[in-house]
Amino acid sequence: RVRVNVTNNYTLPVDVSASASGTTYRMGIVAPGIVGHFVLRRAMLASGGMVEFVAQPAGTEPAVRSGAMLLKEGDVVDFEIATHLLGSYAKVRP
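On a predicted model such as this, the values are computed, not experimentally measured, just so you know. (Residues numbered from 1 in each chain as written. Predicted model: local features only at pLDDT ≥ 70, side-chain atom pairs only at ≥ 80, totals over all residues. Heavy atoms only, no water.)

Thoughts on the overall build of the protein chain
- Looking only at helices and strands, the protein chain has zero helices and nine strands in total.
- Written out in order from the N terminus, the α and β elements of the protein chain read β-β-β-β-β-β-β-β-β.
- In terms of overall size, the protein chain behaves like a compact globule, its C-alpha atoms giving a radius of gyration of 12 Å where 94 residues would be expected to give roughly 12 Å.
- Projected onto the principal axes, the alpha-carbon positions of the protein chain cover approximately 35 × 25 × 20 Å.
- Counting over 94 residues, the protein chain shows a buried share of 41%.
- Across the protein chain, the fraction of contacts at a sequence separation of at least 24, relative to all contacts at a separation of at least 6, is 50%.
- Summing over all exposed atoms, the protein chain offers an accessible surface of approximately 5200 Å²; the carbon and sulfur share of this is 55%.
- Side-chain charges of the protein chain comprise 9 positive and 7 negative groups, with the mean position of each set lying 7 Å from the other. (Helix = DSSP H or I, 4+ residues; strand = E, 2+ residues; numbered from the N terminus. Rg over C-alpha atoms; globule rule 2.2 N^0.38 Å. Buried < 20%, exposed > 50% of the residue type's maximum accessible area, 1.4 Å probe, protein only. Contact = heavy atoms within 4.5 Å. Areas by Shrake-Rupley, 256 points an atom, 1.4 Å probe, with all protein chains shown as cover. Lys, Arg positive; Asp, Glu negative; His and termini not counted. Charge placed at Lys NZ, Arg CZ, Asp CG, Glu CD.)

Describing the environment of Pro 13
- Along the chain, Pro 13 turns up in the loop between β1 (2-8) and β2 (14-20).
- Considering only alpha carbons, one finds Pro 13 and Pro 32, 19 residues apart in sequence, at a separation of 5.4 Å.
- Every residue in contact with Pro 13, bar those within four places of it in the chain, is listed here: Asn 8, Ile 29, Val 30, Ala 31, Pro 32, Gln 56, Pro 57 and Ala 58.

Looking at the side chain of Asp 78
- Looking at the element boundaries, Asp 78 is found in strand β8 (residues 76-81).
- Accessibility expressed as a relative area gives 18% for Asp 78, which makes it buried.
- One polar contact links Asp 78 to Asn 5, side chain to side chain, over a distance of 3.1 Å.
- In contact with Asp 78, not counting residues within four places along its chain, are Asn 5, Tyr 89, Ala 90, Lys 91 and Arg 93. (Polar contact = N/O pair within 3.5 Å; in protein donor to acceptor, adjacent residues only side chain to side chain.)

Some thoughts on the nonpolar core
- Within the largest apolar cluster, 25 residues are counted, with the highest numbers of intra-cluster contacts made by Val 4, Leu 40, Phe 53, Leu 71 and Ile 81.
- Elements with a contribution of two residues or more to this core: β1, β2, β3 (23-30), β4 (35-40), β5 (50-57) and β8.
- Apart from the residues lying within four places of it in its own chain, the contact partners of Phe 53 are Val 4, Ser 17, Ala 18, Met 27, Leu 40, Val 64, Arg 65, Ser 66, Met 69, Leu 71, Val 77 and Phe 79. (Core = buried A, V, L, I, M, F, W, Y, C linked by side-chain atoms within 4.5 Å.)

Comments concerning the sheet that holds β1
- Here we have four strands laid out as an open sheet, ordered β4-β1-β8-β9, and mixed in their pairing. At either margin of the open sheet sits one strand with a lone partner, and together these are β4 and β9 (89-93). When strand polarity is set aside, the average angle formed by the axes of neighbouring strands in this sheet is 20 degrees.
- In terms of strand pairing, β8 meets β9 through five bridges, oriented antiparallel. (Pairing = 2+ DSSP bridges. Axes fitted to C-alpha atoms, helices over the stretch in contact; angles between N-to-C directions.)

All we've got here are geometric facts, nothing functional implied.
Here you go:
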């Protein structure tokens, strides 16, 4: 399992998804001020483990992207959505 923790410090809810090898998996919505906990589907790692996370705020705000991350079973991803979207980041913990 790869666990994904999404902390939403932005003022709007964000819709979180994961993309790998042309496949997109919608993980769920995280409300403002909340930490969402998700588990990435194993099939997302089948193509070598390169996964990108995307958080789309409600409305017309631009999406936040984690960039491609090399993941393996047991990793934990912390994806933080900042109050200013440009300050958002993601990191992997083994």
